[in-house]
Amino acid sequence: MRSRRWLTWILLGFCVCGLAIGAEAALGHDSPSGAGSFEPTTTQADAFDWQLPSWVPRPVVPADNPMTAAKVELGRHLFYEPRLSVTGDFSCATCHLQHLAFADGKTLPAGATGEVHPRNSMSLTNVGYNSVQTWANPLMQHLEQQLLVPLFGEEPVELGMAGRENELLQTLQTDSDYQQRFQTAFDDVNPVTVRNISLAIAAFERTLNSFNSPYDRYRYGGEATAISDSAKRGEVLFNSERLECFHCHSGLNFSDSARHERSGFIEIAFHNTGLYNLDGNGAYPPDNIGVKEITHEAADMGKFRAPTLRNIEVTAPYMHDGSVATLEEAIAHYAAGGRTIETGPDAGVGSQNPLKSHFIQGFTLTDAEKQDLLAFLRSLTDETFLTNPQLSSPFE
Ligand code: HEC
Ligand code: HEC
């Protein structure tokens with residue numbers, strides 16, 4: 001429960017208004033859910049160079065954390081900084097590796113002290129476009145608030161800095177390079193603060209943008225041959241009423257929980273895809289019950305956010321608990337209308353999960369169609385994102 005106290009602190013610290021929390025905590029249904037009021041934001045018609053293709057709308061930026069090159073660069077240093085961990089050898093980048101689209105390739109990650117996290121490390125592809133962060137927390141709507149969880153959370157320990165805030169600030173204050181970077185990024189008398197650490201890392205995260213896959217060049221860049229004919233057929237399948245993928249993995253970021261400067265309304269949605277059905281009533285394993293952990297609503301059992309499918313080829317293993325090893329396996333899960341686990345503590349017939357989304361009905365694909373769908377998913381890999389030196393460690 002200690003992590004809960006942190007969560008409360010985090011939410012209060014960032015003034016997420018009580019009204020908005022109440023409204024969104026009650027969400028978690030399949031249908032698109034418009035979230036009413038959000039904090040004032042700017043759309044940054046200013047000087048920051050987003051380096052986005054012209055067709056891409058910019059992410060929404062909180063009014064109290066405008067983008068600047070100096071802040072982003074400081075945030076990049078902090079993201080890769082091992083002194084942000086209790087052991088001195090762990091950083092955000094330990095679980096979020098650039099060449100894996102900022103996922104880590106593990107089923108479940110361990111934190112600095114060896115404690116295993118119950119959930120799979122997420123790709124940070126286009127996190128600035130998420131309307132809600134992490135797998136299943138409707139309250140986690142701001143990057144500035146999310147990063148405090150790995151930094152200071154105790155359940156599980158990730159970077160393990162709870163109770164070490166002063167030590168951390170002193171380390172950064174007495175490092176002349178950081179001193180200067182904080183001074184340049186923030187016009188404060190005493191700029192080395194936890195708040196400014198969070199503002200800087202969040203600003204860096206808003207530059208983790210990936211819109212240069214072969215699919216983008218084909219679909220938006222006018223390059224008719226940027227993807228194969230097989231991938232083009234796969235796109236049609238993905239967007240078909242037979243497969244239904246596009247209902248949840250929709251829009252710019254292949255996720256229905258997305259927002260950007262031109263979003264008319266902001267959707268926050270969670271879905272049960274029938275991965276588990278432990279008791280015939282839809283139960284998921286007790287350490288990963290989805291949105292229900294936050295809302296305590298029975299209907300929210302097993303509901304998770306649809307993650308982006310951009311760079312999906314490099315972010316295996318898949319799903320909130322890393323329990324799906326390959327894209328072939330992911331497709332088989334959907335084709336069956338939910339996964340069946342034959343034996344063991346997680347045994348159950350997911351396709352009969354009474355809480356699963358009505359979009360998960362199952363379908364039959366020929367081998368050729370399966371290859372087409374895979375080719376489409378693989379056309380979403382953006383090599384420039386995976387290798388962009390501006391997003392890589394400044395210490396190497
Ligand atoms: C021990 C491994 C680990 C470390 C260290 C770590 N993360 Fe994560 N990250 C995760 C896991 C696991 C999740 C999913 C959490 C959940 O759903 O509860 C996640 C989720 C996220 C998300 C949400 C992405 C999305 O699409 O919703 C962001 C953003 C993020 N991490 C940023 C960071 C930052 C910034 C740091 C450093 C301050 C950091 N992480 C450190 C493992 C880690
Ligand atoms: C009802 C909404 C919905 C539909 C329809 C849907 N998905 Fe998903 N998808 C999700 C959710 C939610 C998750 C995460 C589930 C979890 O972790 O329990 C997910 C996860 C995935 C993942 C793993 C992502 C990762 O980063 O781990 C892949 C791959 C995927 N979906 C592909 C597809 C394909 C292909 C289709 C169509 C055949 C499809 N999805 C249809 C909601 C949906």
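Residues numbered from 1 in each chain as written. Chains lettered and ligands numbered in written order. Predicted model: local features only at pLDDT ≥ 70, side-chain atom pairs only at ≥ 80, totals over all residues.

Trainee: Hey, could you go over the overall build of the protein chain for me, with residue numbers and the actual values?
Mentor: The number of helices and strands found in the protein chain is 16 helices and six strands. The burial tally for the protein chain puts 45% of its 396 residues in the buried class. Residue pairs in contact within the protein chain that sit at least 24 positions apart in sequence constitute 69% of those at least 6 positions apart. (Helix = DSSP H or I, 4+ residues; strand = E, 2+ residues; numbered from the N terminus. Buried ≥ 20, exposed ≤ 12 C-beta atoms within 10 Å, placed from the backbone. Contact = placed C-beta atoms within 7 Å.)

Trainee: Describe the nonpolar core, listing the residues and the values that go with them.
Mentor: Judged by nonpolar contacts, the single largest core of 44 residues is most densely connected at Leu 78, Leu 151, Ala 200, Ile 201 and Ala 203. When residues of this core are traced back to their parent elements, those giving at least two are helix 3 (69-79), helix 4 (92-95), helix 6 (148-152), helix 7 (165-173), helix 8 (176-185) and helix 9 (194-205). With seven residues, the top contributor of residues to this core is helix 9. Excluding residues within four positions of it along the chain, Leu 78 makes contact with Leu 84, Ile 197, Ala 200 and Ile 201. Ranked by size, the runner-up nonpolar core spans 22 residues in total, among them Ala 231, Tyr 284, Ile 360 and Leu 373. (Core = buried A, V, L, I, M, F, W, Y, C linked by C-beta atoms within 7 Å.)

Trainee: An account of the site of ligand 2 is needed here, citing residue identities and associated values.
Mentor: In the neighbourhood of ligand 2, 25 residues make up the surrounding shell, with Cys 245, Cys 248, Tyr 318, His 320 and Ser 357 lying closest. At the level of elements, helix 12 (245-248) and helix 14 (327-335) are the ones that each hand at least two residues to the shell around ligand 2. With four residues, helix 14 is the single largest residue contributor to the shell around ligand 2. When the residues that make up the shell around ligand 2 are grouped by side-chain class, the tally is 17 nonpolar, seven polar and one charged. (Near = placed C-beta within 6 Å. Nonpolar A, V, L, I, M, F, W, Y, C, P; charged D, E, K, R; others polar.)

Trainee: A description of the site of ligand 1 should follow, citing residues and the corresponding values.
Mentor: Around ligand 1, the structure places 27 residues, and the nearest of them are Cys 92, Cys 95, Thr 134, Trp 135 and Pro 150. Those elements that place two or more of their residues in the shell around ligand 1 are helix 4, helix 5 (143-146), helix 6 and helix 9. With three residues, the top contributor of residues to the shell around ligand 1 is helix 4. Class assignment of the residues belonging to the shell around ligand 1 gives a composition of 15 nonpolar, nine polar and three charged.

Trainee: Give a detailed account of the environment of Cys 92, specifying residues and quantitative values.
Mentor: You can see Cys 92 is positioned in helix 4. For Cys 92 and Phe 102, which are ten residues apart along the polypeptide, the C-alpha to C-alpha distance reads 9.4 Å. In this structure, Cys 92 is in contact with Phe 79 and Pro 150, ignoring residues within four places of it in sequence.

Trainee: Can you break down the confidence of the model for the protein chain residue by residue, with the values?
Mentor: On average, residues of the protein chain carry a pLDDT of 90, and 88% of them reach 70 or more. Within the model, the stretch residues 1-40 combines pLDDT values under 50 with 56 contacts to residues more than four positions away or in other chains. (pLDDT = per-residue confidence, 0-100.)

Trainee: Describe the environment of Val 116, and please don't skip the residues or the numbers.
Mentor: Mapped onto the secondary structure, Val 116 falls in the loop between helix 4 and helix 5. Of the residues examined, Val 116 has 13 C-beta atoms within 10 Å and is grouped as partly exposed. Sequence spacing of Val 116 and Glu 155 is 39 residues, and the spatial spacing of their C-alpha atoms is 9.8 Å. Beyond its immediate chain neighbours, meaning those up to four positions away, Val 116 contacts Leu 108, Ala 110 and Pro 156.

Trainee: With reference to specific residues and values, describe unusual backbone geometry.
Mentor: Following Glu 155, the chain continues into Pro 156 via a peptide bond in cis, with omega recorded as 0 degrees. Cis geometry is found at the peptide bond from Ala 316 to Pro 317, where omega equals -5 degrees. Even without being glycine, Gln 51 reaches a positive phi, approximately 55 degrees. Here Gln 51 is to be found in the loop between strand 2 (41-42) and strand 3 (61-62). For Asn 311, which is not glycine, the phi torsion reads 60 degrees and is therefore positive. Here Asn 311 is to be found in the loop between helix 13 (292-295) and helix 14.

Trainee: So, helix 14: which residues are in play, and what are the values?
Mentor: Among the residues of helix 14, those classed as buried are Ala 330, Ile 331, His 333 and Tyr 334. Looking straight down helix 14, one finds that the buried residues subtend no more than 155 degrees of arc, so they occupy a single side. Those residues of helix 14 that are buried are in contact with helix 15 (367-378). (Arc of directions from axis to C-beta.)

Trainee: I'd love a proper account of the environment of Gly 348, names of residues and values included.
Mentor: The topology assignment puts Gly 348 in strand 6 (residues 348-349). It is 5.0 Å that separates the C-alpha atoms of Gly 348 and Leu 278, two residues lying 70 residues apart in sequence. For Gly 348, the residues in contact, after removing those within four places along its chain, are Tyr 276, Asn 277, Leu 278 and Ile 341.

Trainee: I'd like a rundown of helix 11 (residues 229-238), residues and numbers included.
Mentor: Among the residues making up helix 11, those that are buried are Ala 231, Gly 234 and Glu 235. Buried residues in helix 11, looked at end-on, bunch into an arc of 105 degrees, giving them a common side. In this structure, the buried residues of helix 11 make contact with helix 15.

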